Structure formats: C-alpha cells, structure tokens
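Listed below, chain by chain, are the residues.
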Amino acid sequence: MTKVLILTDIFGKSYFSKNLLTFNEYYILDPYEDEFILFEDEYEAYSKYIKLCGHDKYLQRAQELCLKEKIEVIIGFSIGGSIAWRLSGLNIPSLTKVISFYPSQIRNHLDVSPQVQVNIVFAKEEQSFDTKEIVKILGDKGIENLEISDFDHGFMNKKSKNFNEKAFEKYKKEILDDI
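Bear in mind the structure is a predicted one, so any value in this text is a computation, not a measurement.

Draft legend 1. Spatial organisation of the overall build of the chain. Helices and strands together make up the secondary structure of the chain, namely five helices and six strands. Starting at the N terminus, the α and β elements of the chain follow one another as β-β-α-α-β-α-β-β-α-β-α. In terms of overall dimensions, the chain is globule-like: its C-alpha atoms have a radius of gyration of 15 Å, near the 16 Å expected for 179 residues. Taken along the three principal axes of its C-alpha coordinates, the chain extends 40 × 35 × 30 Å. For the chain, with 179 residues in total, the buried portion stands at 51%.

Draft legend 2. Region of the structure containing the pairing of strand 4 (residues 97–101). Extensive coverage of strand 4 is indicated by the burial of five of its five residues. Judged by which residues are buried, strand 4 turns out to be covered on both faces: K97, I99 and F101 on one side and V98 and S100 on the other are all buried. The handedness of the strand 3 (residues 73–77) to strand 4 crossover, carried by helix 3 (residues 79–88), is right-handed. Note that strand 4 and strand 5 (residues 117–122) share five bridges and pair parallel. Counterpart to F101 in the pairing with strand 5 is V121.

Draft legend 3. Inspection of the pattern of salt bridges at higher detail. Summed over all chains, the structure comprises seven salt bridges. Ionic pairing is found between K57 and E33, a salt bridge with its closest N-O pair at 3.7 Å. Here the residue K57 occupies a position in helix 2 (residues 55–69), and E33 occupies one in the loop between strand 2 (25–29) and helix 1 (42–52), the gap between them amounting to 24 residues. With a shortest N-O distance of 3.9 Å, K68 and E69 are connected by a salt bridge. For E69, a relative accessible area of 17% gives the class buried. Members of the salt-bridge network, linked through shared partners, are E147, K170 and E174.

Draft legend 4. Layout of helix 1. A distance of 3.2 Å separates the backbone nitrogen of Y43 from a side-chain oxygen at the start of helix 1, and that oxygen is part of D41. Positive phi shows up at G54, right after helix 1, with a value of about 85°.

Draft legend 5. The nonpolar core, seen in detail. L7, I74 and L87 are the most contacted members of the largest nonpolar core, which has 36 residues in total. Broken down by secondary-structure element, the contributors of at least two residues to this core are strand 1 (3–7), helix 1, helix 2, helix 3, strand 5 and helix 4 (131–140). Residues I6, I75, M156 and Y171 belong to the second largest nonpolar core, which totals 18 residues.

Draft legend 6. Quick look at the packing of helix 1 against helix 2. With their axes 7 Å apart at the nearest point, helix 1 and helix 2 run at an angle of 70° to one another. It follows from the interaxial angle that helix 1 and helix 2 lie roughly perpendicular. Residues Y46, Y49, I50 and L52 of helix 1 pack against H55, K57 and Y58 of helix 2. Per-class residue counts for the contact of helix 1 with helix 2 are five nonpolar, one polar and one charged.

Draft legend 7. Representation of the pairing of strand 1 in the model. With five of its five residues buried, strand 1 lies for the most part within the structure. The alternating pattern of strand 1 places K3, L5 and L7 and V4 and I6 on opposite faces, both of which are buried. Sheet topology places strand 1 next to strand 2; five bridges connect them, and they run parallel. Counterpart to L7 in the pairing with strand 2 is L29. Pairing geometry for strand 1 and strand 3, over four bridges, is parallel. Bridging across to strand 3, L5 finds its partner in I74.

Draft legend 8. Up close: the packing of aromatic side chains. A full pass over the atoms with the stated rule returns 13 aromatic pairs. For the pair Y32 and F39, a centre-to-centre distance of 5.7 Å together with 50° between the ring planes defines the contact as tilted. What makes Y32 buried here is its relative accessible area of 4%. Aromatic pair F163 and F168: ring centres 5.8 Å apart, planes at 55°, arrangement tilted. Through a chain of ring-to-ring contacts, the aromatic side chains of F77, F101, Y102, F151, F155 and Y171 assemble into a single cluster. Against the face of Y171 rests K170, its NZ or CZ located 4.2 Å from the ring centre.

Rules and cut-offs
Residues numbered from 1 in each chain as written. Predicted model: local features only at pLDDT ≥ 70, side-chain atom pairs only at ≥ 80, totals over all residues. Heavy atoms only, no water. Helix = DSSP H or I, 4+ residues; strand = E, 2+ residues; numbered from the N terminus. Rg over C-alpha atoms; globule rule 2.2 N^0.38 Å. Buried < 20%, exposed > 50% of the residue type's maximum accessible area, 1.4 Å probe, protein only. Right-handed = clockwise from strand over helix to strand, strands pointing away. Pairing = 2+ DSSP bridges. Salt bridge = Lys/Arg side-chain N within 4 Å of Asp/Glu carboxyl O. Polar contact = N/O pair within 3.5 Å; in protein donor to acceptor, adjacent residues only side chain to side chain. Core = buried A, V, L, I, M, F, W, Y, C linked by side-chain atoms within 4.5 Å. Axes fitted to C-alpha atoms, helices over the stretch in contact; angles between N-to-C directions. Parallel < 35°, antiparallel > 145°, perpendicular 65-115°, else oblique. Contact = heavy atoms within 4.5 Å. Nonpolar A, V, L, I, M, F, W, Y, C, P; charged D, E, K, R; others polar. Phe/Tyr/Trp six-rings, centres within 6.5 Å; stacked < 30°, edge-to-face > 60°. Lys NZ or Arg CZ within 6 Å of the ring centre and 35° of its normal.

The following block contains the structure:
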C-alpha cells in the first residue's frame, strides 16, 4: 500500500477536489494547518499564504510529515508542486516519486538535485517565467518526465477559473496508473 502525500496550492484544503482521492492511504497537507478559509481571489489567497505560512514553513511541515509517516509518493499543485520539487532533493528515505503540477516557484529552486523520480506537468505558460526555458534547464539536469500541458495554471483545481475537466480527468488517470 503506497503512502501518498498531497500538497495543496495556496487555496488550501477547502478548494481541493476530493475526486482525486482514490488512494488507499493518503495525507493532505495545506499551508493553513487545516483551517477552513474561503478567499475572494488569488491575490487574497497568496497574501494569506505568505502571512500565515510561507514557502520555507510549508516545506518544513511537509518534510516532517514525510519522515514521520514514511511517505512514498508526493503529489503537489502550484505552491504544493514547488514544495514537492524541493522535497525531491532532500534525504527522505521512504520517498520514491514526486509528481508536481504547475510548480511556479520552481524557477527559484533550480539548484535542487532530485534523489527520486520526478514528474512535472507545467501550465502551458506562466506569467513569472518561460516554461520552455525551465523545461530545457531541467532537461539538461537529466530530468526526463517533463511536460508542458495545453492548459492554464490551476487546471486541476475545480475552484480555479482555469479549471479544465478534460485535463483533470486525463491527469487523474495518469496519476492513478503511475502509482
């Protein structure tokens, strides 16, 4: 039985689709320590994320959970995908795979050297960086499972304006087939 950790985006658990949770043993970690928060928009969510948690605290909490629960696979979305990427380079003995969707902060952590299999699905474009350039850099590092999707950032989040049902079903199937 594979132990899976899901790292949510800045919107937290209250926006996470339960349709993805078909694993036997999983944990969900969000930036807000399970507090149910509704946001007006992405700007408000990001401001709250930085104020209440931030990148390094989210990373620390995720790493502690991985070590405690002997997590084998991490699936992360947006900031959760960026945290998953950073975790791939840390010494977590039980970890075997990281699946990261549209990890926009990856641009600030290109020095990470993954110690496990990494699958990254980028949005078709990002405002803060050129996805093709990041894919080239990561490909030069030997990371093979890189994809630039045909979808906008947030396509796996049913509450996002960029949610895409077709993409959600496609990648959900790929995740389940891959674990």
